[in-house]
Amino acid sequence: MTFFDKYSYKTKNYALIILGALLLAVIWKRSINTTIDLLAAKSDLTEKIDLAKTADQQIKYAYKEINVLNAYLGKENSSVDEVQQAFLRFFDSRSQHLQMQEMDEVLNFKHPDFEINTHRIVISGRYNETIKFIYDFEKEFKMAKLLSVEFESEKDRMTDKITLNTTLLIQNYVR
């Protein structure tokens, strides 16, 4: 072992420190860093397993929320024609002594995530029948929801007859 004899203790200690630092770097790279990565992956997988265990409950809760919103906002993804035809069928079956005066063109608001269709409908008839129809409409019509009701009375100057016109604004949402 005459190879190390020609170096001083100071040089040998520096070489030993450098060799120790290199060994620590190799140990860190090979063992400790891999162990830390595996522990992080294990904790991520544990969280995912916990989420997967409660996924059924979360899905059921999300469906309940969607059903509540659909009940509040009206059935989604119904076309304009479907809503108008459903309204006409509902009006025909539920209106007594009421007449449809006009159904305007649909106003459409487009957002990147959804569209809102607003229908303006004018009906005429007596007050009690109109209120009963509006009540039935709010309770039972699922395709769209009532947004606004406006009452207006008109007097025909020729016959002195007063008619009550009711303007309904209904909206439906399309995703």
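One structure accompanies this document, and this report is about it. (Residues numbered from 1 in each chain as written. Predicted model: local features only at pLDDT ≥ 70, side-chain atom pairs only at ≥ 80, totals over all residues. Heavy atoms only, no water.)

**Some thoughts on helix α1 (residues 9–53)**
Let me state the cut-off plainly: Per the convention used, a helix needs a DSSP run of H or I reaching at least four residues, while a strand needs a run of E reaching at least two, with both numbered from the N terminus. Any helix carries an expected span of 1.5 Å times its number of residues minus one. To obtain the bend at a residue, axes are fitted to the seven residues ending there and to the seven starting there, and the angle between these axes is taken.
For α1, built from 45 residues, the straight-helix expectation of 66 Å at 1.5 Å per residue is met to within 8% by its first-to-last C-alpha distance of 63 Å. Along α1, the sharpest change in direction is near 45° and occurs at Trp 28.

**Focus on the environment of Phe 151**
Which entries qualify depends on this criterion: Think of it in three bands: with a 1.4 Å probe and only protein chains considered, a residue is buried below 20% of the maximum accessible area for its type, exposed above 50%, and partly exposed in between. Residue contacts follow a heavy-atom distance rule, with two residues in contact if any of their heavy atoms lie within 4.5 Å.
You can see Phe 151 is positioned in strand β4 (residues 145–156). Residue Phe 151 is classed as partly exposed on the basis of its relative accessible area, which comes to 35%. Between the C-alpha atoms of Phe 151 and Tyr 127, which are 24 residues apart in sequence, the distance is 9.1 Å. Leave out the neighbours within four places in its chain, and Phe 151 touches Tyr 127, Thr 130, Ile 131, Ile 134, Leu 164, Asn 165 and Thr 166.

**Focus on unusual backbone geometry**
One non-glycine residue, His 97, lies in the positive phi region at around 60°. Along the chain, His 97 falls in the loop between α3 (80–94) and β1 (98–103). Positioned with a positive phi, Asp 160 is a non-glycine residue whose angle comes to about 55°. Within the element layout of this structure, Asp 160 appears in the loop between β4 and β5 (161–174).

**Side note on the nonpolar core**
To be explicit about the condition: Among buried residues, those of type Ala, Val, Leu, Ile, Met, Phe, Trp, Tyr and Cys that are joined through side-chain atoms within 4.5 Å constitute a nonpolar core.
Phe 87, Ile 123, Phe 133, Phe 141 and Ile 170 are the most contacted members of the largest nonpolar core, which has 16 residues in total. When residues of this core are traced back to their parent elements, those giving at least two are α3, β3 (115–125), α4 (127–140) and β5. Not counting residues up to four positions away in its chain, the partners in contact with Ile 123 are Phe 91, Leu 98, Gln 99, Met 100, Gln 101, Thr 130, Phe 133, Leu 164, Asn 165, Thr 166 and Leu 168.

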